[in-house]
Amino acid sequence: MRFWRRDWHGFKMQIPFDNTYAKLPPQMFTAQLPTPVKAPQMIATNAALAALLGIDPAVLSAPNAAQVFAGNHIPDGASPLAQVYAGHQFGNWNPQLGDGRAVLLGEVVGTDGIRRDIQLKGSGPTPYSRRGDGRAWLGPVMREYLVSEAMHALGVPTTRALAAVTTGERVYREQILPGAVITRVAQSHIRVGTFQYFASRGDLAALQALTDHVIARHYPTAKGPADLLDQVIARYAALIANWMGLGFIHGVMNTDNVSIAGETIDYGPCAFMDDFHPDSVFSAIDQYGRYAYANQPGIGAWNMAQFATALIPLMPDRDAAITDFTAAVHRMPAIYEAAWLKVFGAKLGIADPIAEDRALITELLDLMAKDGADFTNTFANLASPQARDQFINRDAFDAWAVRWQQRRSEDAAQIMALANPQIIPRNHLIEAVITAGLDGNDAPFHALLAAVTAPYAPLSEATAPYARAPSKSEQVTQTFCGT
Ligand code: AMP
Ligand code: MG
C-alpha cells in the first residue's frame, strides 16, 4: 500500500492546461478545490477523447488516474473553480445558481485546435450548492457517460465523458447509493444562464467580458452581440433539429442548461423515445410537459428570447436593440424548420428536401404516432419489408410508401444509413446497466457503451439485442432528476 502511494505521488499527470476562464473578472467564479473522497476506483476512461484533447492516453491508466478523476489529486496546471450562473428553471427565474457539484479543472486546446473545458462533476460542495451535497451517484454518472458518448457518435454536438470513477463513499438520496464522479468535457460550460446572471445584476463589466470571451472562443466571426445572438440561435436551432431526428427528449431545457456553444448539456432526465408519441415526457418532475418532445423547438425559441434579453444592456441604443433582437428571435422558427427538413429529409433518403417534402415527412410521423411505431426502428428499417410491421394500419403505410418511393433520391440507401441509427441508448437498457452497476458489475455498462458508440454500424449477432425495442412491460417511461 505504501509503495503504491509513493508511486502515484511520484507520477506527474501531464495535462496540457491552458486556462482562460480563470483570468476573467473574479465575480464570474469562485476558486474551488474538489473535496477528496475515500477510495476512488475507475469505472471507465475514454482514450480516443484523451487523444483528441492532446492528452497522452497512457495518462488514463496511470497509477494515480482514479485519484485525479475523483478530485483527490490536482494535476499541474489546473486552476480549479466553480462557475456562477442564473437561470429560468421550468420558466421560473432563479437569480443565482452555479456549479453546485462541479469544478472546472481547466482548459486544453485539442489536436483539432478546439479549446475545451475539463470539469469534474460530483466533486463536492461549492458556494453554489444551496442545500445539495455536491455529489453524484453511480446511476446518473453511468447515464451521462453512455448518453453523451452515444450523442457524439450519432453526430450531434454534445459534452463528452473523459472518465468515470466511483468514490468509495455513500450518497444519500431516497436510498443510500454509491458515489461517483464523471469527468465532463465541453467546448465550454458557459450557458444562457451565465449571461442572465450578470445582466440581471447590472454587472456590465462582467457581461461585456463574458461576451468578448464567448465571441473569441466560440464565434470568432461575430462582430458584436447582435451577430452573436444570430449565430447562437442558428446553432441551437440545428441542435434541436438533431434531437428531433433522433427522438431525443432533453427533459430539462432550463436556460441554465443551454450551452452557449450549442452543445447538448445536462443529461439528468433525458431519454430517447421508444414508440413515437410527440407529446412524450419522461422527466418525473416535468408535470405539465413543458419539455415534451414536440415542445422542444418552441422552448428553444423561448430560451433564445431570454438570451437576447440578457444581451440588451450591452447595446447603446436600447430601443433599437429590442426591435432587432426580437426580429432575430422571430427568425428562429424558420431557421429551425430548414434544419428539421434537412434532418428528416435525410432520414427518408431525400438528398435535397424542399418545402413540399414536409407533408411526406409529417404524414409518416402521424402514422407512426397513431400506431405507436418504434421511432428508431421504423426509420432504420424503412426500406426493408419489416418497416410495415411497425404499423397497425399497414394499408396506410403502404400508400405512403408508394409516394415515398417516387420522391427518394437515387442514393437513398447511403443517405439513410448515415441518418438513421440502428442503436440508441434506450432507457430500459440504461436502467439495466445501472442496476448491474449497483451490484458491482460494470460489464453491462461497457457492453452497452460499445454498442451505442457505433450507432450506424450494421447490426451483428452481438449488437442486435441492443436494437430491439422494449416490450410494453420492459419500457421505462419515467426518468428521475434525483441525480
Ligand atoms: P441541474 O438540475 O442538474 O441542472 O442542476 C440545477 C442546479 O442544482 C445546478 O446549480 C446544480 O449545480 C445544482 N445541483 C444539482 N444537484 C446538486 C447536488 N447534489 N449538490 C449541489 N448542487 C446540486
Ligand atoms: Mg444543469
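Keep in mind that what you see is a predicted model, and the values were worked out from it rather than measured.

J.: Tell me about the site of ligand 1, residues and numbers included.
T.: Surveying the vicinity of ligand 1 reveals 17 residues, the closest of which are Gly98, Gly100, Arg130, Gly134 and Asp266. In this structure, Gly100 approaches ligand 1 through a main-chain N or O atom, which is 2.8 Å from an oxygen atom. A distance of 2.7 Å is found between an oxygen atom of ligand 1 and a side-chain nitrogen or oxygen belonging to Asp266. Considered on its own, ligand 1 offers 480 Å² of accessible surface; in the complex 83% of this is hidden by protein.

J.: Pulling in residues and values, what's your account of the nonpolar core?
T.: In terms of nonpolar packing, the biggest core is built from 123 residues, with Phe195, Leu228, Phe307, Phe344, Leu348, Leu382 and Trp400 touching the most fellow members. By residue number, the principal contributor to this core is helix α7 (residues 225-245), which donates 11 residues. Other than its neighbours up to four places away in sequence, Phe307 contacts Val192, Phe195, Leu228, Leu229, Val232 and Ile260. Counting residues in hydrophobic clusters, the runner-up holds 25 residues, among them Val37, Ala78, Val108 and Val165.

J.: An account of the packing of helix α4 (residues 138-153) against helix α15 (residues 427-438) is requested, with residue identities and associated values reported.
T.: Across the interface, α4 lies against α15 with an axial gap of 9 Å and an inter-helix angle of 135°. Compared by their axis directions, α4 and α15 come out oblique. For the crossing formed where α4 meets α15, the hand is right-handed. Where α4 approaches α15, its residues Leu138, Gly139, Met142, Arg143, Leu146 and Val147 are matched on the opposing element by Asn427, Ile430, Glu431, Val433, Ile434, Gly437 and Leu438. Tallied by class, residues from the contact of α4 with α15 come to 8 nonpolar, 3 polar and 2 charged.

J.: I'd love a proper account of the pairing of strand β7 (residues 115-121), names of residues and values included.
T.: Among the 7 residues in β7, 6 count as buried, and that is most of the element. With 7 bridges connecting them, strand β6 (residues 102-109) and β7 associate as antiparallel partners. Counterpart to Val109 in the pairing with β7 is Arg115. Here β6 folds back onto β7, and the loop between the two strands holds 5 residues, one of which, Gly113, carries a positive phi near 80°.

J.: Describe in detail the environment of Ala47, supporting the description with residues and values.
T.: Looking at where Ala47 falls in the secondary structure, it is placed in helix α2 (residues 47-52). Owing to a relative accessible area of 40%, Ala47 belongs among the partly exposed residues under this scheme. For the pair Ala47 and Ala234, spaced 187 residues apart in sequence, the C-alpha separation works out to 32 Å.

J.: For the side chain of Asp275, give the residues involved together with the corresponding values.
T.: Mapped onto the elements, Asp275 comes out in the loop between β12 (271-272) and α8 (296-311). With residues up to four places along the chain from it excluded, the contact list for Asp275 reads Gly372, Ala373, Asp374, Phe375, Lys472 and Gln475.

J.: Before we move on, can you summarise the layout of surface pockets with the specific residues and values?
T.: Its volume calculated, the largest pocket comes out at about 930 Å³. Around the largest pocket sit 38 residues that line it, and Gln89, Arg101, Arg130, Asp266 and Thr483 are the ones nearest its centre. Of all the secondary-structure elements, those providing two or more residues to the lining of the largest pocket are β7, α4 and β10 (176-186). Examining the composition of the lining of the largest pocket, we find that 3 residues originate from one element, α4, more than from any other. Looking at the lining of the largest pocket residue by residue, the classes come out as 14 nonpolar, 11 polar and 13 charged.

J.: Go over the pattern of salt bridges, please, and point to the residues and values.
T.: Inspection of every chain in the model, using the stated rule, returns 20 salt bridges. Notably, a salt bridge pairs Arg403 with Glu363, separated by 2.0 Å at the nearest N-O pair. Of this pair, Arg403 sits in helix α13 (residues 394-407) while Glu363 is found in helix α11 (residues 357-371), placing the two residues 40 residues apart along the sequence. Owing to a relative accessible area of 37%, Arg403 belongs among the partly exposed residues under this scheme. Note that Glu474 and Arg468 form a salt bridge whose closest N and O atoms lie 3.2 Å from each other. Note on Glu474: relative accessible area 31%, which makes it partly exposed. Taking the relative accessible area as the measure of exposure, Arg468 reaches 45% and is therefore partly exposed. Among the charged side chains, a network of salt bridges with common partners joins Asp18, Glu107, Arg115, Asp117 and Arg217.

Rules used throughout
- Residues numbered from 1 in each chain as written.
- Chains lettered and ligands numbered in written order.
- Predicted model: local features only at pLDDT ≥ 70, side-chain atom pairs only at ≥ 80, totals over all residues.
- Heavy atoms only, no water.
- Near = heavy atom within 4 Å.
- Polar contact = N/O pair within 3.5 Å; in protein donor to acceptor, adjacent residues only side chain to side chain.
- Areas by Shrake-Rupley, 256 points an atom, 1.4 Å probe, with all protein chains shown as cover.
- Core = buried A, V, L, I, M, F, W, Y, C linked by side-chain atoms within 4.5 Å.
- Buried < 20%, exposed > 50% of the residue type's maximum accessible area, 1.4 Å probe, protein only.
- Helix = DSSP H or I, 4+ residues; strand = E, 2+ residues; numbered from the N terminus.
- Contact = heavy atoms within 4.5 Å.
- Axes fitted to C-alpha atoms, helices over the stretch in contact; angles between N-to-C directions.
- Parallel < 35°, antiparallel > 145°, perpendicular 65-115°, else oblique.
- Left-handed = near helix turned anticlockwise from the far one by under 90°.
- Nonpolar A, V, L, I, M, F, W, Y, C, P; charged D, E, K, R; others polar.
- Pairing = 2+ DSSP bridges.
- 1 Å grid on protein atoms, 1.4 Å probe; cavity = no way out; pocket = protein on both sides within 12 Å on 5 of 7 lines; lining within 4 Å.
- Points joined across faces, edges and corners; volume = space filled by probe spheres on them.
- Salt bridge = Lys/Arg side-chain N within 4 Å of Asp/Glu carboxyl O.

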